[in-house]
Amino acid sequence: QVHLQESGPGLVKPSGTLSLTCTVSGYSISRDSHYWGWIRQYPGMGLQWIGTTYYDGRTFYRPSLKNRATLSIDTSTNQFSLKLTSVTAADTAVYYCMREIPGGAASDWGQGILVSVSS
Amino acid sequence: QPSLTQPPSASGSPGQSVTISCAGTSSDVGAYNYVSWYQQHPGKVPKLIIYDVNKRPSGVSDRFSGSKSGNTASLTISGLQPEDEADYYCNSHALSSVIFGGGTKLTVL
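Let us look at the structure shown here. (Residues numbered from 1 in each chain as written. Chains lettered and ligands numbered in written order. Predicted model: local features only at pLDDT ≥ 70, side-chain atom pairs only at ≥ 80, totals over all residues. Heavy atoms only, no water.)

**Some details on the state of the cysteines**
Residue and element names in this part refer to chain B.
Argument step 1. The tally for this structure, following the rule as stated, stands at 2 disulfides over all chains.
Argument step 2. The partner cysteine of Cys22 in its disulfide is Cys90, sulfur to sulfur 2.0 Å. Of note, the bridge from Cys22 to Cys90 carries an S-S torsion of about 80 degrees and is right-handed in sense. Highlighted residues: Cys22 in strand S2 (residues 18-23) and Cys90 in strand S7 (residues 86-94), separated in sequence by 68 residues. Of the two residues, Cys22 and Cys90, neither departs from the other in class, the shared state being buried. (Disulfide = S-S within 2.5 Å. Helix = DSSP H or I, 4+ residues; strand = E, 2+ residues; numbered from the N terminus. Buried < 20%, exposed > 50% of the residue type's maximum accessible area, 1.4 Å probe, protein only.)

Quick look at the structure:
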């Protein structure tokens, strides 16, 4: 049974960098069968796909975030990470890490972490 | 980046069937058999209930079914139960990314 857990600061200052890590247990992220990525949810609102990464380092991003987002993967620690630069209040959301089936279905989710952007 | 179009709300009585639509374009829903549906109860994590248009993950009730026609996908919930009251989201593969619908709030009357 795969388990995903997000970690990182819950508060980031405007213009700063949001950095989150997802620790995966119960499954090796170096297996070539799934993608690993992030989805965010604005308070009381819908879901937004941010991007995914693969065990070989390939990355895919939401076009509107491509210039600010960086996903990375560390198979030695079974973790993957998200960095989002130049954040504003519009980036305040619950961030979920997830395991994605080829084709885009997020089959497993972390519990989510609320990240607020505020001075 | 455009999103998929879902009705903001839907409702049905216990035992009835309800269908939620997810309208896209020929570049996303119409181009790939990669539509997924998620159920989210208030304060909870979204749960995958349909993937690849009409496949159910292990453990998901067969009361949930998915289909697609052209650029529009649909989720049908048969034999509505009170615990089906939740928000439902669709998503679709789109070139090298994934897009979501805005969500539909299902009320079980």
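**Examining the sheet that holds strand S5 (residues 64-69) of chain B**
The strands making up a sheet are joined through hydrogen bonds of the backbone, oriented either antiparallel or parallel.
Residue and element names in this part refer to chain B.
Argument step 1. Taken together, the 3 strands give an open sheet; going across it, the order is S2-S6-S5, and neighbouring strands pair in antiparallel fashion. Among the strands making up the open sheet, the edge pair consists of S2 and S5. Strand after strand, the sheet turns through a mean of 20 degrees between neighbouring axes, direction not considered.
Argument step 2. Bridge count between S2 and strand S6 (residues 72-77): 6 bridges; the pairing is antiparallel. Within S6, the position partnered with Ile20 by the bridge is Leu75. (Pairing = 2+ DSSP bridges. Axes fitted to C-alpha atoms, helices over the stretch in contact; angles between N-to-C directions.)

**So, the pattern of salt bridges**
Argument step 1. One pass over the full model with this rule turns up 6 salt bridges over all chains.
Argument step 2. Residues Arg40 of chain A and Asp91 of chain A are paired through a salt bridge, measuring 2.9 Å at the closest nitrogen-oxygen approach. Within this pair, whereas Arg40 of chain A is found in strand S4 (residues 35-41), its partner Asp91 of chain A is found in the loop between strand S8 (79-84) and strand S9 (93-101), the two being separated by 51 residues in sequence.
Argument step 3. With a relative accessible area of 3%, Arg40 of chain A lands in the buried category.
Argument step 4. Residues Asp84 of chain B and Arg63 of chain B are paired through a salt bridge, measuring 2.8 Å at the closest nitrogen-oxygen approach. (Salt bridge = Lys/Arg side-chain N within 4 Å of Asp/Glu carboxyl O.)

**So, the pairing of S9 of chain A**
All names here are of chain A.
Argument step 1. With 8 of its 9 residues buried, S9 lies for the most part within the structure.
Argument step 2. Across 7 bridges, S4 lies against S9 in antiparallel orientation. Its bridge partner lying in S9, Ile39 is registered against Tyr96.
Argument step 3. Note: S9 against strand S11 (residues 113-117), 3 bridges, orientation antiparallel.

**Quick word on the interface of chain B and chain A**
Argument step 1. The interface of chain B with chain A comprises 18 residues on the first partner and 23 residues on the second.
Argument step 2. For the chain B and chain A pair, buried surface summed over both sides reaches about 1600 Å², with 63% attributable to carbon and sulfur atoms.
Argument step 3. For the pair chain B and chain A, the number of links is 0 salt bridges.
Argument step 4. If you look at where chain B meets chain A, you find 5 residue pairs in polar contact (both at pLDDT 80 or more).
Argument step 5. Among the elements of the structure, strand S3 (35-40), S7 and strand S8 (97-100) of chain B are those that each provide at least two residues to the side of chain B that touches chain A.
Argument step 6. Broken down by class, the residue content of the side of chain B that touches chain A amounts to 9 nonpolar, 8 polar and 1 charged. (Contact = heavy atoms within 4.5 Å. Buried area = accessible area lost by both parts, 1.4 Å probe. Polar contact = N/O pair within 3.5 Å; in protein donor to acceptor, adjacent residues only side chain to side chain. Nonpolar A, V, L, I, M, F, W, Y, C, P; charged D, E, K, R; others polar.)

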